[in-house]
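# Geometric and topological summary
Now for the letters of each chain:
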Amino acid sequence: MLRTWKDASQGQPQQPHVKEQGSYQDAQSRRTCSGEPSSVTTDAASSNSGAVLDGAHALSSTITKRDRDGEDGVEDVKKRKRGPDVSVLPGSLSTPLVPSKMEGRYEQTRSRNSIIILDSFDDAIICGSRFLESTIVWATVSPEVVSSAGRISLFIVNENVSLESVTRRLASETRLKVTSWSKSVSPTRWSTLTEYQVVVSSIDAFLGHLTKGVIKMSQLRALVICDVACTSSALMTVLECFYRAQNADARPIILALRSSARVADISQLEQVLETEAASLSATVTFSRLRPLEVVVQYEPPSSSQDTKLTERIRAIQFSESSLFEAFSAARRVIQELGPCACDLMWRRGMKRGALVVNDDGDAVAKVTSELQNLIDSWPFAMPNVNSSSRGFNVSPKFARLIQILNTCKLYGDKFRGIIFVHEREVAAIMADMLCMLAQDLGFLRPLALTDSDGYSVQGVCRGFAAGESNLLIIPKSLEDLDIPSALVVVRYGVWESQLSYAYSCARTARAHGFLVHMVENGSDVERRVLSHCQRETFDERWIEVVMSGGSSPIPSQPLIENCVLPDGPDEDVGPRIEDPTTSGRLYERDAVCALYRLVSNTLHMSETSHESLFVVRQESCDALSCEWICDVLLPSELLMEQISGPPRPTPAHARRAAAFITCVRLYEHGAFDHRLFLYPWSARKTQELAHADSISGNRCYSRKQTPFWSNSLRLFSHRWFPVILHVQGREKHAPMLLLTRQPLPRMPACRLFIEGVPTVVQSVRAAPVEISADHLHALHLFTIRICRAILNKPFACSADDVAYLFAPLRSCVRGNLQSTEFQRVLDYVPWDVVLLAGKEWAVRFDPDFGSLQSVEDMVIQDRMVEFTRRYYALCLRQDLTPLSKPEDSSREAGYNNFVEYCKARRKGFDGLQDYQQPMIEVAKIASVSNHLNPVFQPLPERSRGVAKYLIPELSARFTIPASTFRTALVLPSVMRRIEDFLIVQELNAVFFNHSIHEEHLFAAISAPVRRV
């Protein structure tokens, strides 16, 4: 059917430290307080095992990248000179992680005093809380923690500030133990204050207790002076008489915070603290949701050649397609983990029975046995992470991960870590390799979470919380599960998903955890991906959404997501929805993300708000397990009803199940966006080279066909999806209904050229319908009639093979396209016309020709056969009869009247019953033509054979109205344009992640220059 339609339709260098000292103070103040993704980029060339989280500890002391290091949020290593390798004292993290040539670039704010000027007192509170939190984090993991035992941090404010309100604010911002301290505190109560981490006091009370000897400067870890006037005698007395008099090694670190309204007297404070003030831009805001973040760079892998074991397996006599999934996984594992991991993958696959040869024939057993013997006898090597060794057999990325994990020994038994990887196979092999490195990483108890079963996940989480395992390796497909938070979360590579970033932030312990991003050195793609985590492009409320399981308000800022499915056979499991446009899939594990994206896009378009999307409630609970049910609350623009999912053992699995049911319901209603589906990476394979022509040498490729029509036949579920087609600006074109077996994506208006005049065909989707068997049979016959009439030749297609149906619509639909929702669009179909057209191609006029009053909206045939000339009826000429002289008709110009012409030219003519019947003035209907090309000229027809007047008695009325037939004649061009846009949408999804405007992409691939 489609083929017939197609036939019918045609670097700058680093500046010296002296010159950038002034700007460094500004940068340092921003590092202390900025809520943007704080990134410490660790040089990938460093090989010391303690090199990574020393940068993380530097971050905890507010060392982050400078603003001018790159607008994308990551240092542009291409434009910066590389420093030498870093040497760090063994067993100590007290040495700053900076190259010797860059000592002036990064300084540890925990070892020097700072003065920061902010816009308001509220900003000072947040800035001070960030400083205290990072200082206490450092003291928790630093080797100096013993010497700092019993020391607390003080937050000093003016007398007119409420201590209780500041205390509550600091407690909510930092989750630290905070209390207030007034003048009335007795000396005996000081011992009770050491139970707290931060104490809030006024400047006068602090001076009073210093004078009485209740507290000494040596008992303080840090001192935050928040918006206290420099002219205050109490402040100057504290600094001159108590702080300066103390031994320098025993002095606390001071952070002085001043509002912009109090800068006139700042010079005296700068002199006392021996530092310079720096201002913080008013555009900087603060985050309570982001953890402390580190960006770690690794060298790109060398050319990923097959290992010797892979070459031996490939040499076995069977086609690579027999183990296509295994060889694909081997290529990805060697890229991520290295040659050692690739060999381990083959051994693991054989043990799990995953290496199944798909070749047919008797040789299968022999090949499988040979493969088993080869793997069983192979000498597998241990992972060697020493890059200077000849036996180095891991990827630079994995070696860098080992350096990160080595620095976590300081946490001891308190260590909890999570590594997010992209695929399950990588997670499982990584866990095996870490277990093999027990000699170097004996404190680690790694476990790969690859089973998505709810009860298995519960057991893993309980063991992780109890310390049975202290390092979880989790694939991206399981990142939405309710995993306990960890001290260190590593993103083993970054992928284009803001929701994944939100999950990583949510799984990082807020008060004292680190989020580590591993980025390939010099990769512009990964730099761009990291830039999507900046404040300008990422709404931090998404972190709160995933932490609350979707029960907090959904932001209206759309998410940036990559719509690619992870490869591997383990990922292709469970029920799914399949998109007919791109062959994309949506599994239950992906449904939560899809609903987040759909709702945020809907809110963004409608400029409304939505409180919560998921509400999880406990259904039942006993001594062994609990079951949860999730309710989905969609915006009214999408679906009015509330949907509840089935009981599941965990809240996360309940959300998944309810979200998937909701996606199915939306898909059945045609309200699910095709851009929410995910598609396999294998879809990006390029087409194989065609054989070159022996004479010209040209290679010919078949035209790309959209999979929509074949997919719609395969996925048909007895529900039809109507699209109303309306030719704008032409009253003589009636609207028509296109019924497809699967929902068409939203299409832009189709631009056609009818009679050389630009015309727009608008398409409006209506609510899905279920069609009865009788009506379905009638529509099938009507569609066949339309196709035969347009082609004017025989055409047949069975009801099971037809990809779409056509139906006429009443003209009243034309004016209601925008205002009517058409919940019952079939009510606008003239079923009498459908039934008559399916049964007959034409009918005779009433023998009482005198009663013929009008021929409006008629198509006239000059004879009673199906494939013949057809004419539009213009008017009924009461002034002409068959005996009239045809003065203005070229066909009958040589005859005295129309009857004489019929006697001479019409075979078997025996005369008329009524010689006084009126004549019908007609206009020839042109054959089907290309309405997509403005310069297309149809083939000229001989004017001598074209009738201008027809005798009703010798003619027949075509069963399809003229207004409907006019629209039907442009359907080949409309369907061609629809197919073009379906191909464009598939191209945009597979190769460009829906990042290009589809009309622009269509113009690019359909321009004449594409043939070059």
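Residues numbered from 1 in each chain as written. Predicted model: local features only at pLDDT ≥ 70, side-chain atom pairs only at ≥ 80, totals over all residues. Heavy atoms only, no water.

## Here we look at the overall build of the chain
Where we set the bar: Each helix corresponds to a stretch of at least 4 residues labelled H or I by DSSP, and each strand to a stretch of at least 2 residues labelled E; elements are numbered beginning at the N terminus. Only the protein chains shown count as covering a residue, and every accessible area follows the Shrake-Rupley method with a 1.4 Å probe.
Check the secondary structure of the chain and you find 28 helices and 32 strands. On the chain, roughly 45000 Å² of surface is accessible, and the fraction owed to carbon and sulfur atoms is 50%.

## Comments concerning helix α26 (residues 962-969)
Put simply, the test is: Working definition: with a 1.4 Å probe on protein chains only, accessible area under 20% of the residue-type maximum means buried, over 50% means exposed, and in between means partly exposed.
Most of α26 is tucked away, with eight of its eight residues classed as buried. Within the sequence span of α26, burial applies to Ala962, Ser963, Thr964, Phe965, Arg966, Thr967, Ala968 and Leu969.

## Concerning unusual backbone geometry
In most cases, non-glycine residues show a negative phi, while peptide bonds are predominantly trans. For His718, which is not a glycine, the phi torsion comes out positive at approximately 65 degrees. Within the fold, His718 resides in the loop between α22 (708-714) and β22 (721-727). In this model, His994 sits at a positive phi of 60 degrees, which is unusual for a non-glycine residue. By the secondary structure assignment, His994 is in the loop between α27 (971-992) and α28 (998-1006).

## Re the pattern of salt bridges
Selection rule: Any Lys or Arg side-chain nitrogen found within 4 Å of a carboxyl oxygen on Asp or Glu counts as a salt bridge.
Counting across every chain of the model gives 30 salt bridges. Asp306 is paired through a salt bridge with Arg314; the nearest N and O atoms lie 2.6 Å apart. Taking relative accessible area as the criterion, Asp306 reaches 32% and is therefore assigned partly exposed. Salt-bridge contacts for Asp480 lead to Arg656; the nearest nitrogen and oxygen are separated by 2.8 Å. Taken together, the residues span a long stretch of sequence, with Asp480 in the loop between β12 (471-475) and β13 (488-491) and Arg656 in helix α21 (residues 651-668) at a distance of 176 residues. As far as burial versus exposure is concerned, Asp480 and Arg656 are alike and both buried. In this structure, a network of salt bridges that share partners links the residues Arg576, Glu578 and Arg714.

## Quick notes on the sheet that holds strand β20 (residues 643-644)
Short version of the rule: Here, a strand pair is defined by DSSP locating no fewer than two bridges between the strands. It only takes one pair of heavy atoms within 4.5 Å for two residues to be counted as in contact. With axes taken as lines fitted to C-alpha atoms, and helix axes fitted only over the stretch in contact, angles between N-to-C directions fall between 0 and 180 degrees.
With respect to topology, three strands assemble into an open sheet ordered β18-β19-β20, the strand pairing being antiparallel. Of all strands in the sheet, those with a lone pairing partner are β18 (614-621) and β20, marking the two edges. As defined by bridge partners, β18 adjoins strand β19 (residues 626-632) across seven bridges and the pair is classed as antiparallel. Following the sheet pairing, Cys621 is matched in β19 by Cys626. Here α21 sits on the sheet in contact with β18, β19 and β20, set at roughly 35 degrees to β19.

## A word on a nonpolar patch on the surface
Put simply, the test is: Like-charged residues within 9 Å of one another, or nonpolar side chains (Val, Leu, Ile, Met, Phe, Trp, Tyr) within 5 Å, are grouped into patches, provided each residue has over 30% relative accessible area and no salt bridge.
A contiguous nonpolar patch, built from Phe991, Phe992 and Ile996 and spanning about 240 Å² of accessible area, is present on the exposed surface. With respect to the secondary-structure elements, Ile996 resides in the loop between α27 and α28. Overall, Ile996 belongs to the partly exposed group, its relative accessible area being 31%.

## Describing the sheet that holds strand β25 (residues 757-765)
Here we have five strands laid out as an open sheet, ordered β24-β25-β22-β23-β26, and antiparallel in their pairing. At either margin of the open sheet sits one strand with a lone partner, and together these are β24 (750-754) and β26 (804-808). On average, adjacent strands in this sheet sit at an angle of 30 degrees to one another, irrespective of strand direction. Direction of pairing for β22 relative to strand β23 (residues 736-740): antiparallel, over a ladder of five bridges. What sits directly across from Val723, in β23, is Leu738.

## Notes on the pairing of β24
Taken across its five residues, β24 has four buried, putting it largely inside the fold. The sheet contact formed by β24 and β25 spans five bridges and is antiparallel. Residue Phe753 lies in a different strand from β25, and its bridge partner there is Pro758. Following β24, the chain reverses through two residues before pairing antiparallel with β25; Glu755 in that reversal takes a positive phi of roughly 60 degrees.

## A closer look at the nonpolar core
This is how it is decided: Remark: nonpolar core denotes a set of buried residues (Ala, Val, Leu, Ile, Met, Phe, Trp, Tyr, Cys) joined through side-chain atoms within 4.5 Å.
Among the nonpolar cores identified, the biggest contains 64 residues, and Leu737, Leu738, Ile786, Phe806 and Phe965 are the most heavily contacted of them. No other element matches the nine residues that helix α23 (residues 773-791) contributes to this core. Residues Ile334, Cys340, Met433 and Ile473 belong to the second largest nonpolar core, which totals 60 residues.

## Side note on the packing of aromatic side chains
Going by this rule: Whether two aromatic rings pair depends on their centres lying within 6.5 Å, for rings of Phe, Tyr and Trp, where Trp uses its six-membered ring; planes under 30 degrees apart make the pair stacked, over 60 edge-to-face, and the rest tilted. For a lysine, the NZ atom is tested; for an arginine, the CZ atom; a charge sits over a ring if that atom is within 6 Å of the ring centre and within 35 degrees of the ring normal.
Scanning all chains against the criterion turns up 16 aromatic pairs. Pairing Tyr411 with Phe415 gives two aromatic rings, centres 6.2 Å apart and planes at 35 degrees, and the pair type is tilted. Here Phe415 falls in the buried class, since its relative accessible area comes to 0%. Judged by centre distance (5.7 Å) and plane angle (80 degrees), the rings of Tyr596 and Phe614 are edge-to-face. Of this pair, Tyr596 sits in helix α20 (residues 591-606) while Phe614 sits in strand β18, placing them 18 residues apart in sequence. Looking at Tyr596, the relative accessible area reads 1%, which means it is buried. Following the ring pairs from residue to residue traces out a cluster consisting of Phe708, Trp709, Tyr804 and Phe806. The ring of Phe380 carries Arg347 above its face, with NZ or CZ at 4.8 Å from the centroid.

## So, the pairing of strand β29 (residues 870-877)
When strand β28 (residues 859-861) meets β29, the two strands line up antiparallel, connected through three bridges. In the sheet register, Gln861 faces β29, and the bridge partner there is Arg870. Summarising the sheet, β29 and strand β30 (residues 919-924) pair through six bridges and their orientation is antiparallel. Looking at the pairing, Arg877 lines up with Met919 of β30.

## Brief notes about the packing of α27 against α28
Worth spelling out the cut-off: Just so you know how the angles are binned, under 35 degrees is roughly parallel, over 145 roughly antiparallel, 65 to 115 roughly perpendicular, and the rest oblique. Note on residue classes: Ala, Val, Leu, Ile, Met, Phe, Trp, Tyr, Cys and Pro are nonpolar, Asp, Glu, Lys and Arg are charged, and everything else, Gly too, is polar.
Between α27 and α28, whose axes approach to 9 Å, the crossing angle comes to 105 degrees. Taken together, α27 and α28 sit at an angle that is classed as roughly perpendicular. On α28, the residues that touch Arg977, Asp980, Phe981, Val984, Gln985, Leu987, Asn988 and Phe992 of α27 are Glu998, Glu999, Leu1001, Phe1002 and Ile1005. Here the residues of the contact of α27 with α28 sort into seven nonpolar, two polar and four charged.

## Here's the deal with the environment of His669
For clarity, the threshold we go by: Polar contact is defined as a pair of N or O atoms within 3.5 Å, subject to the rule that within protein one atom must be able to donate a hydrogen and the other to accept it, and that residues adjacent in sequence are counted only when both atoms are side-chain atoms.
Inspection of the secondary structure puts His669 in the loop between α21 and β21 (679-680). Given the relative accessible area of 36%, His669 is considered partly exposed. On a C-alpha basis, the gap between His669 and Phe721 in space is 8.5 Å, while along the polypeptide they are 52 residues apart. Within the structure, the side chain of His669 is placed 2.8 Å from the backbone oxygen of Arg665, a separation counted as a polar contact.

## Observations regarding helix α24 (residues 831-839)
Operational definition: This arc is taken over the directions from the axis of the helix to the C-beta atoms.
Of the residues making up α24, those classed as buried are Trp831, Val833, Val834, Ala837 and Gly838. Down the axis of α24, the buried set is contained in an arc of 155 degrees. They therefore lie on one face. Across α24 from its buried face, at more than 90 degrees, point the exposed residues Asp832, Leu835 and Lys839. The inward-facing, buried residues of α24 contact α23 and β26.

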